[in-house]
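This is what each chain is made of:
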Amino acid sequence: MADIVSILDEKALNRALTRISYEIIERNKGTENLLLAGIKTRGVFIARRLSEKIQAIEETEVPVGELDITLYRDDRHVNEELQEPEVKGQDFPVDVKGKVVILVDDVIYTGRTIRAAMDAVIDLGRPEKILVASLTDRGHREIPIKADFIGKNIPTSKKERVKVSMTECDDKDAVEIIKSN
(Lines give C-alpha, C1' and ligand atoms only; values in the text may rest on other atoms or scores of the structure.)
Protein backbone atom coordinates (compact mmCIF):
# COMPACT_ATOMS: atom_id res chain seq x y z
CA MET A 1 0.00 0.00 0.00
CA ALA A 2 1.30 3.44 -0.89
CA ASP A 3 0.52 6.83 0.61
CA ILE A 4 0.03 9.72 -1.81
CA VAL A 5 0.82 13.26 -0.70
CA SER A 6 -0.31 16.13 -2.94
CA ILE A 7 2.42 18.74 -3.43
CA LEU A 8 1.03 20.88 -6.26
CA ASP A 9 -2.55 21.00 -7.48
CA GLU A 10 -3.59 22.47 -10.85
CA LYS A 11 -3.50 26.09 -9.67
CA ALA A 12 -0.16 25.75 -7.86
CA LEU A 13 1.38 23.98 -10.87
CA ASN A 14 0.17 26.81 -13.13
CA ARG A 15 1.65 29.42 -10.76
CA ALA A 16 4.98 27.58 -10.74
CA LEU A 17 5.07 27.58 -14.55
CA THR A 18 4.19 31.28 -14.63
CA ARG A 19 7.03 32.04 -12.18
CA ILE A 20 9.51 29.98 -14.24
CA SER A 21 8.40 31.87 -17.39
CA TYR A 22 9.13 35.24 -15.79
CA GLU A 23 12.47 34.00 -14.46
CA ILE A 24 13.49 32.79 -17.93
CA ILE A 25 12.60 36.18 -19.45
CA GLU A 26 14.43 38.11 -16.71
CA ARG A 27 17.56 35.96 -16.74
CA ASN A 28 17.84 36.19 -20.54
CA LYS A 29 16.80 39.85 -20.73
CA GLY A 30 13.96 38.95 -23.08
CA THR A 31 13.37 36.07 -25.45
CA GLU A 32 15.87 36.66 -28.23
CA ASN A 33 17.81 33.54 -29.17
CA LEU A 34 15.84 31.26 -26.79
CA LEU A 35 14.91 27.68 -27.58
CA LEU A 36 13.00 25.46 -25.15
CA ALA A 37 13.94 21.78 -25.43
CA GLY A 38 11.38 19.52 -23.76
CA ILE A 39 12.58 16.11 -22.63
CA LYS A 40 9.99 13.51 -23.61
CA THR A 41 7.35 13.05 -22.43
CA ARG A 42 6.16 15.46 -19.74
CA GLY A 43 9.04 17.87 -20.31
CA VAL A 44 7.68 18.53 -23.79
CA PHE A 45 4.27 19.48 -22.39
CA ILE A 46 5.87 21.71 -19.77
CA ALA A 47 8.05 23.38 -22.44
CA ARG A 48 4.98 24.05 -24.61
CA ARG A 49 3.16 25.62 -21.67
CA LEU A 50 6.20 27.76 -20.83
CA SER A 51 6.37 28.90 -24.45
CA GLU A 52 2.69 29.88 -24.36
CA LYS A 53 3.16 31.83 -21.13
CA ILE A 54 6.27 33.58 -22.41
CA GLN A 55 4.45 34.49 -25.62
CA ALA A 56 1.56 35.96 -23.60
CA ILE A 57 4.01 38.07 -21.57
CA GLU A 58 6.48 39.13 -24.28
CA GLU A 59 4.33 38.80 -27.43
CA THR A 60 7.16 36.78 -29.00
CA GLU A 61 7.04 33.10 -29.85
CA VAL A 62 9.74 30.93 -28.30
CA PRO A 63 10.27 27.73 -30.32
CA VAL A 64 9.97 24.35 -28.61
CA GLY A 65 12.04 21.33 -29.55
CA GLU A 66 11.49 17.75 -28.42
CA LEU A 67 14.25 15.49 -27.12
CA ASP A 68 14.15 11.71 -26.80
CA ILE A 69 17.24 10.95 -24.72
CA THR A 70 16.77 7.17 -24.50
CA LEU A 71 19.88 6.34 -26.50
CA TYR A 72 21.97 8.84 -24.56
CA ARG A 73 21.26 7.32 -21.14
CA ASP A 74 24.32 5.91 -19.41
CA ASP A 75 22.19 3.16 -17.92
CA ARG A 76 20.86 1.80 -21.22
CA HIS A 77 21.97 -1.59 -22.49
CA VAL A 78 24.77 -1.20 -25.01
CA ASN A 79 24.34 -2.86 -28.39
CA GLU A 80 27.87 -3.86 -29.44
CA GLU A 81 26.96 -3.60 -33.14
CA LEU A 82 25.87 0.02 -32.73
CA GLN A 83 28.97 2.22 -32.97
CA GLU A 84 27.42 5.69 -32.79
CA PRO A 85 24.19 6.47 -30.95
CA GLU A 86 21.30 7.08 -33.31
CA VAL A 87 19.38 10.30 -32.81
CA LYS A 88 15.72 9.27 -32.69
CA GLY A 89 12.70 11.34 -31.85
CA GLN A 90 14.43 14.74 -31.98
CA ASP A 91 12.17 17.41 -33.41
CA PHE A 92 13.56 20.95 -33.45
CA PRO A 93 11.90 23.77 -35.40
CA VAL A 94 15.19 25.73 -35.51
CA ASP A 95 18.92 25.01 -35.45
CA VAL A 96 20.42 24.89 -31.94
CA LYS A 97 23.64 26.53 -33.11
CA GLY A 98 24.17 29.78 -31.24
CA LYS A 99 20.89 29.48 -29.29
CA VAL A 100 20.30 29.63 -25.56
CA VAL A 101 18.81 26.17 -25.14
CA ILE A 102 16.73 25.59 -22.03
CA LEU A 103 16.31 21.90 -21.26
CA VAL A 104 12.88 21.35 -19.72
CA ASP A 105 11.93 18.34 -17.60
CA ASP A 106 9.29 17.46 -15.04
CA VAL A 107 11.54 16.16 -12.23
CA ILE A 108 15.26 16.60 -11.72
CA TYR A 109 16.62 13.82 -9.54
CA THR A 110 20.04 12.19 -10.09
CA GLY A 111 21.00 14.53 -12.95
CA ARG A 112 21.52 11.67 -15.40
CA THR A 113 18.56 12.62 -17.62
CA ILE A 114 19.84 16.19 -17.95
CA ARG A 115 23.36 14.94 -18.74
CA ALA A 116 21.93 12.73 -21.48
CA ALA A 117 19.84 15.64 -22.82
CA MET A 118 22.96 17.83 -22.99
CA ASP A 119 24.67 15.17 -25.10
CA ALA A 120 21.63 14.97 -27.40
CA VAL A 121 21.55 18.76 -27.89
CA ILE A 122 25.28 18.98 -28.54
CA ASP A 123 24.94 16.28 -31.20
CA LEU A 124 22.49 18.61 -32.96
CA GLY A 125 24.86 21.61 -32.91
CA ARG A 126 26.75 23.94 -30.62
CA PRO A 127 24.40 26.13 -28.59
CA GLU A 128 25.55 29.42 -27.08
CA LYS A 129 24.49 28.18 -23.66
CA ILE A 130 22.49 25.36 -22.07
CA LEU A 131 20.26 26.04 -19.07
CA VAL A 132 17.91 23.73 -17.16
CA ALA A 133 14.28 24.29 -16.12
CA SER A 134 12.46 21.70 -14.04
CA LEU A 135 8.99 21.74 -12.58
CA THR A 136 10.33 19.94 -9.49
CA ASP A 137 13.72 19.28 -7.92
CA ARG A 138 13.85 16.37 -5.48
CA GLY A 139 17.60 16.35 -4.80
CA HIS A 140 19.80 13.23 -4.59
CA ARG A 141 22.23 14.18 -7.40
CA GLU A 142 24.65 11.55 -8.60
CA ILE A 143 26.43 13.95 -10.96
CA PRO A 144 27.05 17.70 -10.54
CA ILE A 145 24.07 19.19 -12.37
CA LYS A 146 21.69 21.85 -11.09
CA ALA A 147 18.49 23.37 -12.38
CA ASP A 148 18.58 27.08 -13.25
CA PHE A 149 14.80 27.44 -12.99
CA ILE A 150 12.78 25.37 -10.50
CA GLY A 151 9.04 25.35 -9.91
CA LYS A 152 9.21 23.60 -6.53
CA ASN A 153 11.97 22.04 -4.43
CA ILE A 154 10.66 18.83 -2.90
CA PRO A 155 12.81 17.16 -0.26
CA THR A 156 12.33 13.42 -0.64
CA SER A 157 13.87 10.18 0.46
CA LYS A 158 15.22 7.81 -2.17
CA LYS A 159 12.37 5.43 -1.30
CA GLU A 160 9.77 7.99 -2.33
CA ARG A 161 8.70 8.75 -5.89
CA VAL A 162 7.62 12.09 -7.34
CA LYS A 163 4.75 11.75 -9.79
CA VAL A 164 4.00 14.62 -12.17
CA SER A 165 0.65 14.44 -13.95
CA MET A 166 -0.16 16.63 -16.95
CA THR A 167 -3.59 16.85 -18.56
CA GLU A 168 -2.01 16.35 -21.99
CA CYS A 169 -1.18 12.73 -21.12
CA ASP A 170 -2.75 12.09 -17.70
CA ASP A 171 -6.08 12.77 -16.07
CA LYS A 172 -5.05 15.97 -14.26
CA ASP A 173 -2.38 18.56 -13.52
CA ALA A 174 -0.68 17.64 -10.24
CA VAL A 175 2.55 16.82 -8.48
CA GLU A 176 2.41 14.10 -5.86
CA ILE A 177 4.82 12.16 -3.69
CA ILE A 178 4.21 8.42 -3.60
CA LYS A 179 5.40 6.95 -0.31
CA SER A 180 5.78 3.17 -0.22
CA ASN A 181 4.93 1.49 3.05
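Quick note: structure is the one above.
What you see is a predicted model, and the numbers here were worked out from it, not measured in a lab.

Visitor: Can you walk me through unusual backbone geometry in this structure?
Guide: Excluding glycine, residues mostly carry a negative phi; peptide bonds, for their part, are mostly trans. With an omega of 10°, the peptide bond running from Lys-40 to Thr-41 counts as cis. Structurally, the position occupied by Thr-41 is in the loop between β2 (34-39) and α2 (42-58). The phi dihedral of Lys-29 is positive, around 50°, even though this residue is not glycine. Despite not being glycine, His-140 shows a phi value in the positive range, around 70°. Along the chain, His-140 falls in the loop between β5 (129-137) and β6 (149-153). Looking at His-140, the relative accessible area reads 27%, which means it is partly exposed.

Visitor: Please explain the sheet that holds β6 as it appears in this structure.
Guide: Within a sheet, adjacent strands bond to each other through the backbone by hydrogen bonds, running parallel or antiparallel. Spatially, the five strands line up as an open sheet ordered β3-β2-β4-β5-β6, and their pairing is parallel. Pairing within the sheet leaves two strands with one partner each, and these edge strands are β3 (64-67) and β6. This sheet shows a mean twist of 25° between the axes of neighbouring strands, independent of strand direction. Pairing between β2 and β3: four bridges, direction parallel. Considered in β3, the bridge of Ala-37 is made with Gly-65. Packing of helix α1 (residues 10-27) onto the sheet brings it into contact with β2, β4 (100-108), β5 and β6, and relative to β6 it is tilted by some 150°.

Here is what the cut-offs are and how they apply
Residues numbered from 1 in each chain as written. Predicted model: local features only at pLDDT ≥ 70, side-chain atom pairs only at ≥ 80, totals over all residues. Heavy atoms only, no water. Helix = DSSP H or I, 4+ residues; strand = E, 2+ residues; numbered from the N terminus. Buried < 20%, exposed > 50% of the residue type's maximum accessible area, 1.4 Å probe, protein only. Pairing = 2+ DSSP bridges. Axes fitted to C-alpha atoms, helices over the stretch in contact; angles between N-to-C directions. Contact = heavy atoms within 4.5 Å.

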